[in-house]
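Per-entry structural report
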Amino acid sequence: MAAVAKSVGFMAQLTNSVKRFVFRASGFNQMGLYHDDCLYETSDVKEALRRIPQNIQDDRNFRMQRALHLSLTKNILPKDQWIPFEEDREKGRYLQPYLEEVIMERKEKEEWNKK
């Protein structure tokens, strides 16, 4: 039983290490972008963006403008301004509750339209 618990702990550590590697390799943190800043803008994402509070929308727009400027000038932020993995996991999923709500509503509409 203890061996199973150790293997689960090992797999969790391995998964977390892979997530950290992918996060750092993506380079978006070096531009100051969160996970949800980089989502492909489908109709669901656009609707979720329309629903977020204005202050979150302003913060997102600032990060996007800064990243665009950095990309055009072929620069990155100073290392002390990079988004850490923990902050991205905590704050970087700001759109998910709204997106889940939009997706649930769309699926519910589709169910009603089937009847």
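See the structure above.
Residues numbered from 1 in each chain as written. Predicted model: local features only at pLDDT ≥ 70, side-chain atom pairs only at ≥ 80, totals over all residues. Heavy atoms only, no water.

Turning next to the overall build of the chain. Check the secondary structure of the chain and you find 5 helices and 0 strands. Secondary structure elements in the chain, listed N-terminal to C-terminal, are α-α-α-α-α. Here the chain has a C-alpha radius of gyration of 18 Å; the compact-globule value for 115 residues is 13 Å, and the former is much larger. Here the C-alpha coordinates of the chain stretch approximately 50 × 50 × 20 Å along the principal axes. Of the roughly 8,600 Å² of accessible surface on the chain, 59% is carried by carbon and sulfur atoms. Looking at charge distribution, the chain has the averaged site of its 20 positive side-chain charges lying 5 Å from that of its 18 negative ones. (Helix = DSSP H or I, 4+ residues; strand = E, 2+ residues; numbered from the N terminus. Rg over C-alpha atoms; globule rule 2.2 N^0.38 Å. Areas by Shrake-Rupley, 256 points an atom, 1.4 Å probe, with all protein chains shown as cover. Lys, Arg positive; Asp, Glu negative; His and termini not counted. Charge placed at Lys NZ, Arg CZ, Asp CG, Glu CD.)

This part takes up the side chain of Arg63. Position of Arg63 among the secondary structure elements: in helix H3 (residues 54–72). In this structure Arg63 comes out as buried when scored by relative accessible area, which is 10%. Among the polar contacts made by the side chain of Arg63, one reaches the side chain of Asp37 at a distance of 2.6 Å. Dropping the residues within four chain positions of it, Arg63 is found in contact with Gly32, Leu33, Tyr34, Asp37 and Tyr94. (Buried < 20%, exposed > 50% of the residue type's maximum accessible area, 1.4 Å probe, protein only. Polar contact = N/O pair within 3.5 Å; in protein donor to acceptor, adjacent residues only side chain to side chain. Contact = heavy atoms within 4.5 Å.)

Bringing the pattern of salt bridges into the picture now. Per the counting criterion, the structure on display carries 11 salt bridges. Put simply, Asp44 and Arg106 hold a salt bridge, and the shortest N to O gap is 3.0 Å. Remark: Arg106 occurs in helix H5 (residues 96–114) and Asp44 occurs in helix H2 (residues 43–51); sequence separation between them is 62 residues. Accessibility expressed as a relative area gives 13% for Asp44, which makes it buried. The shortest N-O distance in the salt bridge between Glu111 and Lys114 comes to 3.7 Å. (Salt bridge = Lys/Arg side-chain N within 4 Å of Asp/Glu carboxyl O.)

Ranked by size, the top nonpolar core spans 12 residues in total: Phe23, Tyr34, Val45, Ala48, Leu49, Ile52, Ile83, Phe85, Tyr94, Leu95, Leu99 and Val102. Elements that contribute at least two residues to this core include exactly H2 and H5. Residue contributions to this core peak at 3 residues, all from H2. Discounting residues that sit within four places of it in the chain, Tyr94 has contacts with Tyr34, Asp36, Asp37, Ile56, Arg60 and Arg63. Of all hydrophobic cores here, the second largest spans 5 residues; its members include Met31, Ala67, Leu70 and Leu77. (Core = buried A, V, L, I, M, F, W, Y, C linked by side-chain atoms within 4.5 Å.)

This part covers the layout of surface pockets. Each pocket or cavity is described by its volume, and for the largest pocket that value is around 200 Å³. Lining the largest pocket are 14 residues, with Phe23, Ser26, His35, Asp88 and Arg93 sitting closest to its centre. Elements with a contribution of two residues or more to the lining of the largest pocket: helix H1 (2–26) and helix H4 (85–91). Here the lining of the largest pocket gets 4 residues from one element, more than from any other, and that element is H1. Of the residues in the lining of the largest pocket, the class split is 7 nonpolar, 3 polar and 4 charged. (1 Å grid on protein atoms, 1.4 Å probe; cavity = no way out; pocket = protein on both sides within 12 Å on 5 of 7 lines; lining within 4 Å. Points joined across faces, edges and corners; volume = space filled by probe spheres on them. Nonpolar A, V, L, I, M, F, W, Y, C, P; charged D, E, K, R; others polar.)

Bringing H2 into the picture now. Regarding H2, the residues found buried are Asp44, Val45, Ala48 and Leu49. Seen from one end, H2 has its buried residues packed into an arc of 135 degrees, which puts them on one side. Across from the buried face of H2, at angles greater than 90 degrees, the exposed residues are Ser43 and Arg50. In this structure, the buried side of H2 is in contact with H3 and H5. (Arc of directions from axis to C-beta.)

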